[in-house]
Amino acid sequence: MDFSIDAKLRDRLEVERAWGRERVRPAGLEADRQGSPLAQDHPYFQDFVARGEGRTRWHGPGSKGEVPPPGVVVRALLVSEELAYWDRGVIVASPGPGLPEPNVLALGTEEQKERFLGPFVALDRPRWACFAMTEPSAGSDAAAICTTARKDGDHWILNGAKCFIGNASRADWILVQATLDPSKGRDAQRSFFVEKGTPGLGGFKIEKKMGLKAYESTSFSLVDCRVPASNLLGGEARYERRAGFKTAMRTFNAGRPVIAANAVGIGRAALDEALAFARNADRLGDPRIRDRIEALARRLRMARLCCLRAGWLADHGKPNIVEASMSKALGATVAEEATSLGMELLGAVGARGDHLIEKLYRDAKAMDIVEGTGQIQRVIMARQLVKLPRS
Ligand SMILES: Cc1cc2nc3c(=O)[nH]c(=O)nc-3n(C[C@H](O)[C@H](O)[C@H](O)COP(=O)(O)OP(=O)(O)OC[C@H]3O[C@@H](n4cnc5c(N)ncnc54)[C@H](O)[C@@H]3O)c2cc1C
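Note that the structure is predicted; figures quoted are calculated from it, not measured.

## What about the overall build of the chain?
The helix and strand tally for the chain stands at 11 helices and seven strands. Taken over C-alpha atoms, the radius of gyration comes to 21 Å for the chain, in line with the 21 Å a tight globule of 391 residues would show. Along the first, second and third principal axes, the C-alpha set of the chain runs to 75 × 50 × 40 Å. A buried classification covers 51% of the 391 residues belonging to the chain. Accessible area of the chain: about 17,500 Å², with a carbon and sulfur share of 54%. Once the 58 positive and 49 negative side-chain charges of the chain are each reduced to a mean point, those two points are 4 Å apart.

Below you can see the structure in the form of structure tokens.
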């Protein structure tokens, strides 16, 4: 494995570092202080789109956007880590086809790619899309979702409720995970495109969060929500046994190393801030403090390498389920350790609630929860290691 950074990537990281310092961090602090997500018409989003960001990897009919050339995943992880260093909430808030894009690229019909990714080829305005799996009574156990889909002529009718969905109220479309029969578990799951403004899609409520306040996490309901038959991801022919559930899991497998990279970014920011604080307070002469900072820097390096390895495997088309889970579990844990050590060094200053480390401490917690909790990652790894068949 070669994780060396060539001149092109170094330049790109420099550009992102400057953008992060000048635009991402201030936007994140603004949202944190106001205690609510950045508004859809916030100048940050306009400028983000103007710099050519937020576009789809799909490049038009017949394109092979779904097969990235080797190296793309590792490079994307390094960029993602750098941006999360400045503010992970702002990164998630940023426009783009987001979490569902890998599934649409891999499984969508050409017509669906054109309809749903086409507007993201060259953005005329900030646009969002999102993926809705979690329900009030189905989080870790994604097979237990109760949102139903019933065929009615040329349409599907969806009923149910989703919660904690990133960017849902501002999304042009939501990829909703639903079941044809809740008693049949994961075999009966399907993904549906539900467009903004579809009658029956509503009740949007932005949840209160302890951290990552720059982006909205939203609950909503689907009440007799009719979508055309053509909105079933991949079309009916696609669904052999368990394809629907596998489709949703693909989203998570692609996302876990990204969460790990983000967590490493948060951890690095906390370490840098803690070091600066300890230096200013003249504490670095104490070997106990130096030892703890060294141990943390070492763990952050480990988490980063683990994440890059998961990316390298993806880049080379090799299975990475264990590494993806390992990187996510480790990255989130180390981010919590880093912010916790930072808070400890701050002492009473941290308790005031206005230091960046205190914000990072609140931001880091969600990294263990999103896209499968740390405990669920450990369950996945253990099952793989002992070669237990899927239940
Ligand atoms: C900031 C944020 C953003 C999110 N964004 C999205 C989004 O965009 N789309 C989306 O669909 N969802 C999203 N979620 C939801 C997220 O995926 C769920 O919160 C997560 O899957 C955990 O589910 P839960 O909260 O219901 O916890 P639960 O499943 O109730 O788990 C509670 C605790 O029990 C443990 N546990 C549960 N089952 C087991 C088991 N079998 N073995 C051992 N331990 C277990 C868990 O590890 C956890 O510690 C988001 C959540 C947050 C916090």
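## A closer look at the site of the ligand
Neighbouring the ligand are 18 residues; Met 133, Thr 134, Ser 140, Phe 164 and Thr 373 lie closest to it. Phe 164 is positioned such that a nitrogen or oxygen atom in its backbone is 2.9 Å from a nitrogen atom of the ligand. Computed on the free molecule, the ligand has an accessible area of 980 Å², of which 63% lies beneath the protein chains in the complex. Mapped by element, the contributors of at least two residues to the shell around the ligand are β1 (128-132), β3 (155-166) and α11 (374-385). Here the shell around the ligand is built from residues that sort into 10 nonpolar, six polar and two charged.

## Looking at the pattern of salt bridges
All told, the structure shown has 34 salt bridges when counted by the stated rule. When salt bridges that share partners are traced, they join Glu 14, Arg 17, Glu 81, Glu 82, Arg 268 and Arg 304 into one network.

## Digging into a nonpolar patch on the surface
A grouping of Leu 385, Val 386 and Leu 388 is seen on the molecular surface, where their side chains present a nonpolar patch of about 320 Å² in accessible area. Mapped onto the elements of the fold, Val 386 is located in the segment after α11. Overall, the relative accessible area of 58% leaves Val 386 in the exposed class.

## Comments concerning empty space enclosed by the protein
Following the criterion strictly, the structure yields one cavity of 30 Å³ or more and no others. Space inside the largest cavity adds up to approximately 40 Å³. Among the elements that make up the lining of the largest cavity, the one with the highest residue count is helix α3 (residues 72-93) (five residues). Its residues assigned to classes, the lining of the largest cavity shows six nonpolar, no polar and five charged.

## Some remarks on the nonpolar core
By size, the foremost hydrophobic cluster in this structure holds 96 residues, and its most contacted members are Leu 158, Trp 173 and Ile 174. Broken down by element, the residue count for this core peaks at 11 residues, all from helix α6 (residues 243-280). Among all residues touching Trp 173, those that are not within four sequence positions of it are Pro 100, Val 104, Phe 116, Leu 117, Phe 120, Trp 128, Ala 129, Cys 130, Phe 193, Val 194, Glu 195 and Lys 196.

## Here's the deal with the packing of helix α7 (residues 287-315) against helix α8 (residues 321-346)
One can describe the packing of α7 onto α8 by two numbers: an axis separation of 9 Å at closest approach and a directional angle of 155°. Accordingly, the angle class assigned to the pair α7 and α8 is roughly antiparallel. Here α7 runs over α8; the crossing is left-handed. Here the contact of α7 with α8 is built from residues that sort into 17 nonpolar, three polar and six charged.

## A short note on the pairing of β1
Remember that side chains alternate between the two faces of the sheet whenever the strand is regular. A large share of β1 lies buried, amounting to five of its five residues. Side chains Trp 128, Cys 130 and Ala 132 project from β1 onto one buried face, and the interleaved Ala 129 and Phe 131 project onto a second face that is buried too. Here β1 runs beside strand β4 (residues 171-179); their pairing, made up of five bridges, is parallel. Note that in β4 the partner of Trp 128 across the bridge is Ala 171.

## Quick look at the packing of α3 against α7
Across the interface, α3 lies against α7 with an axial gap of 7 Å and an inter-helix angle of 145°. In this structure, the crossing between α3 and α7 has a hand that is right-handed. In contact with Val 72, Val 73, Val 74, Leu 77, Leu 78 and Glu 81 of α3, α7 contributes Arg 304, Cys 307, Leu 308, Gly 311, Trp 312, Ala 314 and Asp 315. Per-class residue counts for the contact of α3 with α7 are nine nonpolar, one polar and three charged.

## Some remarks on unusual backbone geometry
Peptide bonds are trans in most cases, and residues, glycine excluded, mostly fall at negative phi. Here the phi dihedral of Leu 212 falls at roughly 45°; this positive angle occurs in a residue that is not glycine. Relative to the helices and strands, Leu 212 resides in the loop between β6 (201-206) and β7 (217-228). Positive phi outside glycine occurs at Asp 224, with the angle close to 45°. With respect to the helices and strands, Asp 224 occurs in strand β7.

Definitions and limits used
- Residues numbered from 1 in each chain as written.
- Predicted model: local features only at pLDDT ≥ 70, side-chain atom pairs only at ≥ 80, totals over all residues.
- Heavy atoms only, no water.
- Helix = DSSP H or I, 4+ residues; strand = E, 2+ residues; numbered from the N terminus.
- Rg over C-alpha atoms; globule rule 2.2 N^0.38 Å.
- Buried < 20%, exposed > 50% of the residue type's maximum accessible area, 1.4 Å probe, protein only.
- Areas by Shrake-Rupley, 256 points an atom, 1.4 Å probe, with all protein chains shown as cover.
- Lys, Arg positive; Asp, Glu negative; His and termini not counted.
- Charge placed at Lys NZ, Arg CZ, Asp CG, Glu CD.
- Near = heavy atom within 4 Å.
- Polar contact = N/O pair within 3.5 Å; in protein donor to acceptor, adjacent residues only side chain to side chain.
- Nonpolar A, V, L, I, M, F, W, Y, C, P; charged D, E, K, R; others polar.
- Salt bridge = Lys/Arg side-chain N within 4 Å of Asp/Glu carboxyl O.
- Patch = residues over 30% accessible without salt bridge, like charges linked within 9 Å, V, L, I, M, F, W, Y side chains within 5 Å.
- 1 Å grid on protein atoms, 1.4 Å probe; cavity = no way out; pocket = protein on both sides within 12 Å on 5 of 7 lines; lining within 4 Å.
- Points joined across faces, edges and corners; volume = space filled by probe spheres on them.
- Core = buried A, V, L, I, M, F, W, Y, C linked by side-chain atoms within 4.5 Å.
- Contact = heavy atoms within 4.5 Å.
- Axes fitted to C-alpha atoms, helices over the stretch in contact; angles between N-to-C directions.
- Parallel < 35°, antiparallel > 145°, perpendicular 65-115°, else oblique.
- Left-handed = near helix turned anticlockwise from the far one by under 90°.
- Pairing = 2+ DSSP bridges.

Function cannot be read off these values alone, since they describe shape.
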